Amino acid sequence: MTASQSADTGPEPRPSGVVGHTRPGAGFDRTRGTLFGLGRMFPDLWLGVLGAIVFLLTLVVYVRTVAPTVSFWDCGEFISCSYILGIPHPPGTPLYVLIGRLFSILPISSDIAVRVNLISSIFSAAAATVAFFILARLITYWYSDRYPDPALTLAQRLPVYAGSVCGALFFAFGTTYWSSAVEAEVYGAAMFLTMVLIWLTLVWAYHREEPGSDRYLILISYLAILSVGIHMTVFLVMPPIFLLIVFLSREHRRDWRFWVTGAFLFLVSGGILDFLWACTIWLVLSGVIVFFRKPTMLATIWTVVTLAAGVLLTLSQGVPWPLFLAAGVWAAGMIVYLREHTAWVRALLLVLAALLGFSVHFYIPIRAQLNPAINENAPKTWDAFQGFLERKQYGNESMFQRALHRRGTWANQFGQHERMGFWGFFDKQYGYNDFAFFPLFILGLLGLYQLMRKKGAFGFFLILLLLISSVGLIWYMNFADGTRYNAATQDAYLEVRDRDYFFTPAFIFFGMAIGLGGAALIRRLSGGSVIWSAAGAALIALMPLRALTTNYFPNDRSNNYIPYDYAYNILTSADSNAVVFTNGDNDTFPVWCLQEVYGIRKDVRIANLSLINTHWYIKQLKNQMGVPMKMSDDEIERLYHYRTPEGKLVRVQDQMINEILTANQWKTPIDFAVTVSGSNRIYMDKPLDRHLMMTGLAYRLVREEGDGLLDVDVTRDLFLDVFRYRGINDPTVYKDENATRLVANYASGFILLADTLRRAGRMAEAEASVRKATEILPDEPEAYVYLAQLYAETKDRTKLEALRESVRKTSADQNQVGVNIAFSFSRLGDTARATSILDEILTRNPHYEPAYKTLVRLYYEGSHYDTLMQLLERWMKDNPGDNQTKEFWGKIRAAAAQQESAGVRVKP
């Protein structure tokens, strides 16, 4: 059969149905036996070259855009825990922490945070590279059962090369995947392990009828459970992998022990204790059966000693982990007696590999015993450890149970609803947004169709992966859209941030499908012509450049110091040895990072109001951090949320604010970060606001009472001379919704400071304060509005006019600021200038109601009735739906007609 014939009809099928070519000594197979098939990758030189290019290109892009320090959300916690070997939030990500510790001591950057950030960059680039070779293997199978196949013609190889590059780069430069590749997050390493598991599955499929092919399955079992130490997302690939294995292998499909082993391994995604007990019992059972087939005296002694030790320690200590450990040690020792391959041996090795992978989690209780500075849940005991892994902190209801009652409408969860709608994230992944995304979507579907048509099992495998990681996760994660908020349970708020990162697997798999579609398109349209194949390959391979260019700016963290500086400014606002109440992740995790990694203001005790609802955290505050409390540990354990007879919910955090402030008796400074809302600044059911004095980005609890208290000199010094504002006014630094919301606190602080200075008669200092705000936050309108009011009060027309011109050069809301400048001119008696500015605004935006209403008032108060009538007529023409103006306009016309008939003109 010729190569061209192979392209149309494929190679002659082997009776066994095995994907790979296994005739001894036949051409390519002389490399058989190399490590996991990697030796087969590079006989096709261009595959090796292109794979290296994919890795280097993505790595360079990631390193150029990597965050130069800590980022918001979980990054500060992961960096801190990596550096101090701490325990992050459940379920702990122990493998990531250990890898992070290794990177934190490598001299690859002067900044420790960058060292940990680079974990994501390196693993993300590696994952895209593995995806390249997965695609190359899948596309090659459309032409030949060999991989790589030197017999392919150039016209056949070009779709392989182009489709693989295209899919790998759409994988790499999808905006969600890229965003986690440049900061300390778990998804880069998780997706690398995901790709490795898929690669190993394909290699096993190629070799599945060869002796020893089960070694791939053993490695898959080990890596699958080990990956849980990074993130449970990786385990999404395991159901499709299991189904592919039993579909392709009659031996495994008919082996009930293989099914039982798989079922026990899948328990890791549910109850941890169920997983450990099931695997331990199955391990011992399979080991005993193997042992009795070839018993020896040494093996007997080894069995009795290890298992008896495990049982005795479990009974004496009252915890099950010694038995799990003893069973694993015993099974590992039994391996030396394995001389023949049986189904029981395979079950034994699969379970042993899985338990060995799970053993990374025992880092958590071992390290927790040493009380690191970050020790979330304090999982020292077996019960605490089990609850930690099963995320009991987030509620006793499992994720599966929660999925059964919807927290949002299906339309919002699947659609484009803010912060959580799947399609809203999917549509903007690859740089081809809105209408332009549709052809790309069709291309991805074409790739799935072609794979299903040529290699049905692999096509079904990829489609199942996509469905599980998209539709399955939409159902399982059950994100709240804010429409079904339950006040009684405090559940189903709108999600606090964009949840696109949970769908990372779906986005990367579809990126790969686009590459498959590109290869299918080249194959269909080229007709075997090298010239047309080359032209199509060039076009397809260059398509991801749009993803690169479009997604570069929003994912470029290279000059983003906003999270670091925000945390620094919170810490420098605190009193010496203060207890600072913070609100959530973004005013806590970066602060932890500065304290633990950079050693900044370690005297400050952070009391996070979200975590303070948990018993373990309260005890850490009391016993390790010295936060004043009179409660005993037993009393702390008995704390719970309750409702008063009036129905008011009293949270544990409310009770703890009462406890800490009462026990403190003004001995220790107490501060609240400005991010803490007024509803959380309550003491004994009374607001604390009249006893809170603003100092920088903190409110200090003071004895004196008053409205709007502010330590003028300290706050002025902090805002003007101490605080850091790097990147805020840099247009090359992307600010997302979260960053924009947080830095708005600076504008509010400057204005409060200026207003206090103004009321004290320090007008020049007030102006300097607000001017500083406009320098740091040139696009925030509030500072310009305040300056306009200030210049009106000082009767400075010149500065007011200059302000009008300077605002034009910024991206601040021109309409909002313009209306306030016009009003300030009117206060100075310059009505003509005021009406001119307002008329200009309405000309530019004929629907801007504040300008219209201000202009109506000026015309009315100035008795400019003809002009007023013209304005109303003009407004009605541009805004016919304004019923209020219609009514007003009707009354004016009726009054005018009545007075005109009487020959009198009066004020309408």
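Because the structure is a prediction, the values reported are computed rather than measured.

A closer look at helix α12 (residues 256-266)
Turning to step 1, where the next piece is worked out: Those residues of α12 that sit buried are Arg-257, Phe-258, Thr-261, Gly-262 and Leu-265. End-on view of α12: buried residues confined to an arc of 135 degrees, all on one side of the axis.

Here's the deal with the packing of aromatic side chains
Turning to step 1, where the next piece is worked out: Under the counting rule described, the total for this entry stands at 58 aromatic pairs.
Turning to step 2, where the next piece is worked out: Residues Trp-410 and Phe-414 carry aromatic rings whose centres are separated by 5.8 Å and whose planes lie at 40 degrees to one another, so their mutual orientation is tilted. Linking Trp-410 with Phe-414, this pair stays in helix α20 (residues 410-414), spanning four residues, or about one helical turn.
Turning to step 3, where the next piece is worked out: Positioned above the aromatic ring of Tyr-83 is the side chain of Arg-101, whose terminal nitrogen or guanidinium carbon lies 6.0 Å from the ring centre.
Turning to step 4, where the next piece is worked out: Seen from the ring of Trp-199, Arg-137 lies directly overhead, with NZ or CZ sitting 4.6 Å from the centre.

Focus on the sheet that holds strand β9 (residues 698-701)
Turning to step 1, where the next piece is worked out: One open sheet accounts for five strands, arranged β2-β1-β5-β9-β8; its pairing is mixed. Edge positions in the open sheet fall to β2 (605-608) and β8 (692-695), since each of these has one partner strand only. Taking the axes of each pair of neighbouring strands and ignoring which way they run, one obtains an average angle of 30 degrees across the sheet.
Turning to step 2, where the next piece is worked out: Examined bridge by bridge, strand β5 (residues 670-673) and β9 share three bridges and lie antiparallel to one another. The residue bridging Asp-671 from the neighbouring strand is Arg-700, located in β9.
Turning to step 3, where the next piece is worked out: Across the sheet, helix α31 (residues 652-664) lies against β1 (579-582), β5 and β9, angled at about 150 degrees from β5, the strand it touches most.

Notes on empty space enclosed by the protein
Turning to step 1, where the next piece is worked out: Under the definition given, this model contains four cavities of 30 Å³ or more.
Turning to step 2, where the next piece is worked out: Considering only enclosed or pocket space, the largest cavity measures out at about 180 Å³ in volume.
Turning to step 3, where the next piece is worked out: Taken together, 16 residues form the lining of the largest cavity, with Met-238, Phe-242, Phe-258, Gly-262 and Leu-265 sitting closest to its centre.
Turning to step 4, where the next piece is worked out: Where the lining of the largest cavity is concerned, the elements lending two or more residues are α9 (214-226), α10 (238-248) and α12.
Turning to step 5, where the next piece is worked out: Here the residues of the lining of the largest cavity are counted per class, giving 13 nonpolar, three polar and no charged.
Turning to step 6, where the next piece is worked out: Estimates place the volume of the second largest cavity at around 60 Å³.

Side note on the packing of helix α33 (residues 737-759) against helix α34 (residues 763-776)
Turning to step 1, where the next piece is worked out: Interaxial distance between α33 and α34 falls to 7 Å at its minimum, and their mutual angle equals 170 degrees. Taken as axis vectors, α33 and α34 run roughly antiparallel relative to one another. Where α33 crosses over α34, the two elements pack in a sense that is left-handed. Two secondary-structure elements touch here, α33 through Phe-750, Leu-753, Ala-754, Leu-757 and Arg-758 and α34 through Met-763, Glu-765, Ala-766, Ser-769, Val-770, Lys-772, Ala-773 and Ile-776.

Some words on the packing of helix α22 (residues 437-454) against helix α24 (residues 504-526)
Turning to step 1, where the next piece is worked out: Close contact between α22 and α24 brings their axes to 6 Å; oriented N to C, the two are set at 75 degrees. In this view, α22 runs roughly perpendicular relative to α24, as classed from their interaxial angle.
Turning to step 2, where the next piece is worked out: Per-class residue counts for the contact of α22 with α24 are 14 nonpolar, five polar and four charged.

Brief notes about the pattern of salt bridges
Where charged atoms from two side chains of opposite charge come close, those side chains can pair.
Turning to step 1, where the next piece is worked out: All chains considered together, the criterion is met by 37 salt bridges.
Turning to step 2, where the next piece is worked out: Of the charged contacts, one joins Asp-575 and Arg-700 as a salt bridge, the two residues approaching to 3.0 Å between their closest N and O atoms. Placement of the pair is Asp-575 in the loop between α27 (562-573) and β1 and Arg-700 in strand β9, with a sequence separation of 125 residues. In terms of burial, Asp-575 and Arg-700 fall into one category: buried.
Turning to step 3, where the next piece is worked out: Between Asp-633 and Lys-622 there is a salt bridge, with the nearest N and O atoms lying 3.2 Å from each other.

About the criteria used
- One numbering rule holds for all chains: residues counted from 1, following each sequence as written.
- Confidence filtering applies because this is a predicted model: local features only for residues at pLDDT of at least 70, side-chain atom pairs given and counted only at 80 or more, and all residues used for totals across whole chains, interfaces and linings.
- To obtain the side-chain values, all non-hydrogen atoms of the structure were used and water was disregarded.
- Each residue is assigned to one of three classes by its accessible area relative to the maximum for its type, calculated with a 1.4 Å probe on protein chains only: buried under 20%, partly exposed between the two thresholds, exposed over 50%.
- Going along the chain from the N terminus, every DSSP run of H or I of four or more residues is numbered as a helix, and every run of E of two or more is numbered as a strand.
- The directions from the helix axis to the C-beta atoms are what the arc is built from.
- Ring geometry is summarised as follows: Phe, Tyr and Trp rings, the Trp one being its six-membered ring, pair when their centres sit within 6.5 Å, and such pairs are stacked at plane angles under 30 degrees, edge-to-face over 60 and tilted between the two.
- Sitting over a ring, as applied to charges here, requires NZ of Lys or CZ of Arg to be within 6 Å of the ring centre and within 35 degrees of the ring normal.
- If DSSP finds at least two bridges between two strands, the strands pair.
- All axes are obtained by fitting lines to C-alpha atoms, using only the stretch in contact for helices, and the reported angles, taken between N-to-C directions, cover 0 to 180 degrees.
- By the convention used here, residues are in contact when the closest approach between their heavy atoms is within 4.5 Å.
- As defined here, a cavity is a set of points on a 1 Å grid over the protein atoms alone where a 1.4 Å probe fits but cannot get out. A pocket is an open set with protein on both sides within 12 Å along at least five of seven lines, and residues line them when an atom is within 4 Å of a point.
- Grid points are joined across faces, edges and corners, and a volume is the space filled by probe spheres set on the points.
- Lys, Arg, Asp and Glu make up the charged group, whereas Ala, Val, Leu, Ile, Met, Phe, Trp, Tyr, Cys and Pro make up the nonpolar group; the residues left over, Gly among them, are polar.
- Geometric relationships in this document are graded by angle, where less than 35 degrees denotes roughly parallel, more than 145 denotes roughly antiparallel, 65 to 115 denotes roughly perpendicular, and other angles denote oblique.
- What makes a crossing left-handed is the near helix being turned counterclockwise from the far one by less than a right angle; a clockwise turn instead makes it right-handed.
- The salt bridge definition used is simple: a Lys or Arg side-chain nitrogen within 4 Å of an Asp or Glu carboxyl oxygen.

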